[in-house]
Amino acid sequence: MNGYLKGIIKKNKLILYSREHAIFIDNNNGYLVKRKCPHLKCNLLFNSVEKTWDCPCHGSRFDIEGNVISGPSKYDIKTKSVK
Ligand code: FES
């Protein structure tokens, strides 16, 4: 990660955001993603209730492992599991 880090703790879950990446940590499992939505490059936000990466611009959603759930994005995002 580079640049600033912004952290949010919600119900024992930690979400860290930098300009380009985000990481979600829950029960010793971590998921690192590049925040850019494959559609038009808006920054993704983590939905801690549904454990999805959501795009606030046009509504694309991705599961915790980066697979696209709903479009308009046709492409998955890359995630990396971190321990
Ligand atoms: S930029 Fe994410 S859905 Fe369009």
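Structure shown above.
Keep in mind the model is a prediction, meaning the values are calculated, not measured.

## Considering the overall build of the protein chain
Phase 1: Helix and strand counts for the protein chain come out as 0 helices and 9 strands.
Phase 2: Moving toward the C terminus, one meets the helices and strands of the protein chain in the order β-β-β-β-β-β-β-β-β.
Phase 3: Split into buried and exposed, the 83 residues of the protein chain put 35% on the buried side.
Phase 4: Residue pairs in contact within the protein chain that sit at least 24 positions apart in sequence constitute 27% of those at least 6 positions apart.

## Here we look at the environment of Leu16
Phase 1: Along the chain, the position of Leu16 falls in strand β2 (residues 13-17).
Phase 2: Distance from Leu16 to Leu32, taken between C-alpha atoms, is 9.4 Å for residues 16 residues apart in sequence.

## A look at the sheet that holds strand β6 (residues 52-54)
Phase 1: With antiparallel pairing, 4 strands are arranged side by side in an open sheet as β5-β6-β7-β8. Each edge of the open sheet is held by one strand with a lone partner, namely β5 (45-47) and β8 (68-70). Between one strand axis and the next, the sheet turns through 35 degrees on average, direction left out of account.
Phase 2: With 2 bridges connecting them, strand β7 (residues 61-63) and β8 associate as antiparallel partners. Of the residues in β8, the one forming a bridge with Phe62 is Val68.

## So, the side chain of Ser60
Phase 1: Tracing the sequence through the fold places Ser60 in the loop between β6 and β7.
Phase 2: Assessed through its relative accessible area of 1%, Ser60 is described here as buried.
Phase 3: Polar contacts involving the side chain of Ser60 include one to the main-chain amide nitrogen of Ser73, which spans 2.9 Å.
Phase 4: The contact partners of Ser60, leaving out residues within four places of it in the chain, are Cys37, Trp53, Asp54, Cys55, Ser70, Gly71, Pro72 and Ser73.

Definitions and cut-offs
- Residues numbered from 1 in each chain as written.
- Predicted model: local features only at pLDDT ≥ 70, side-chain atom pairs only at ≥ 80, totals over all residues.
- Heavy atoms only, no water.
- Helix = DSSP H or I, 4+ residues; strand = E, 2+ residues; numbered from the N terminus.
- Buried < 20%, exposed > 50% of the residue type's maximum accessible area, 1.4 Å probe, protein only.
- Contact = heavy atoms within 4.5 Å.
- Pairing = 2+ DSSP bridges.
- Axes fitted to C-alpha atoms, helices over the stretch in contact; angles between N-to-C directions.
- Polar contact = N/O pair within 3.5 Å; in protein donor to acceptor, adjacent residues only side chain to side chain.

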